[in-house]
Amino acid sequence: MCRLWRKYSFLPTLFGLLLCFLLTATPCLSETAAGTTGEKLTFVGLYPSTTSKTRFLILVYTEALKRLGIEFEHLDVPARRASLMVNQGEADGELFRVAGYNANYPNLVQVPERNYCFGHSAYSVRVKDTIRSWKDLGGKDYRVGVFRGMRFAEDRLSELGPEEVTVDRVSSTDQGFKMLLEGRIDIFVTTDSQYYAFLELEAGRVYSIQQGVAGDIRNIGTLDRQAVYAWLHKSHKILLEPIANELRNMRAEGLFDSFYDQAGLPPLLKRRFLCKD
């Protein structure tokens, strides 16, 4: 009997070790499914953090990731650099891109819940025609400005061909509107929220004061309707559904409306921006 006890005396110790492992591993397994507690994700975006819609998304994703035990960080980088950084794994996610964007950046995966909705619009001082589609920009000797890195708009203009339209790429929204006022371009393609953001800048305030002299910037047509999504590097694909679920919960709780107001976005665009129209 003593020999038998000595032979199997290691079993209680082994059982204890296995029980300890299972008890300590369970939280780790659950964290893997929803994101590791204490983790930080670094996001980049099309627009700098000084713009109101970037402020809006910083508020949204700070809260969404906090609910998953993840810290949010945002870096301001040039628009084209942003996509390359995420595609190469130098950053974890990008905030501002439309569906299908990973056709050019295959290492990006889309969070399956909209951030907001928008339309590309044509703004002009001198052009009187109404623009109803991208094709309407071609064949009329227009010089059209577009924000460098706004890939969807750049691609639509490129499809028209250089014989149909002359495209000038600008490095900032205020530069585009300045060129419009100076007569260096005929049309500037951007979004309505970016027009309102321009009015918040020094150049926009000067324009508002001198509006009668400089000319009136008018929206001469909406070219499309789009939804904007966040994208992650594929190494974080396990987080896509958890993040999307938190975004849906926050939208239902009214937090998107609150963050919209907190970010200082224009009241006139609220329903359209929040995909309610």
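Everything below is about the structure printed above this text.
What counts as what
Sequence positions are assigned chain by chain, starting from 1 and proceeding in written order. Under the rules for a predicted model, residues below a pLDDT of 70 receive no local features and side-chain atom pairs below 80 are neither given nor counted, while totals for whole chains, interfaces and linings still include all residues. Computation of side-chain values: all heavy atoms of the structure, hydrogens and water removed. Working definition: helices are DSSP H or I runs of at least four residues, strands are E runs of at least two. Numbering for both runs from the N terminus. Throughout this description, a polar contact denotes any pair of N or O atoms lying within 3.5 Å of each other; where both atoms belong to protein, one of them has to be capable of donating a hydrogen while the other can accept it, and for residues adjacent in sequence the pair is counted only when both atoms sit in side chains. To sort residues, take the accessible area from a 1.4 Å probe on protein chains only and compare it with the maximum for the residue type: under 20% means buried, over 50% means exposed, and anything in between is partly exposed. Contact criterion: two residues are considered in contact whenever any of their non-hydrogen atoms come within 4.5 Å of each other. A strand pair is defined by DSSP finding two or more bridges across the two strands.

Caption draft 1: The arrangement of the side chain of Glu154 in detail. Position of Glu154 among the secondary structure elements: in helix H5 (residues 151-160). One polar contact links Glu154 to Arg80, side chain to side chain, over a distance of 2.8 Å. A distance of 3.3 Å separates the side chain of Glu154 from the backbone nitrogen of Gly149, its partner in a polar contact.

Caption draft 2: Structural view of H5. Within H5 the residues assigned to the buried category are Arg151, Ala153, Glu154, Arg156, Leu157 and Leu160. Contacts from the buried residues of H5 go to helix H4 (79-87), strand S3 (93-98), strand S6 (120-124), strand S7 (143-147), strand S8 (166-170) and strand S9 (187-191). Immediately beyond the C-terminal end of H5, within one or two residues, lies Gly161, with a positive phi of roughly 90°.

Caption draft 3: Representation of the pairing of S3 in the model. Of all 6 residues in S3, 6 are buried; the element is thus mostly enclosed. Both strand S1 (residues 39-44) and S3 contribute to a ladder of 2 bridges, which runs parallel. Residue Phe43 lies in a different strand from S3, and its bridge partner there is Gly93. Judged from the 4 bridges that link them, S3 and strand S11 (residues 226-233) form a sheet pairing that is antiparallel. Paired with Arg97 across the strands is Tyr229, a residue of S11.

Any link to function would need more than the numbers given here.
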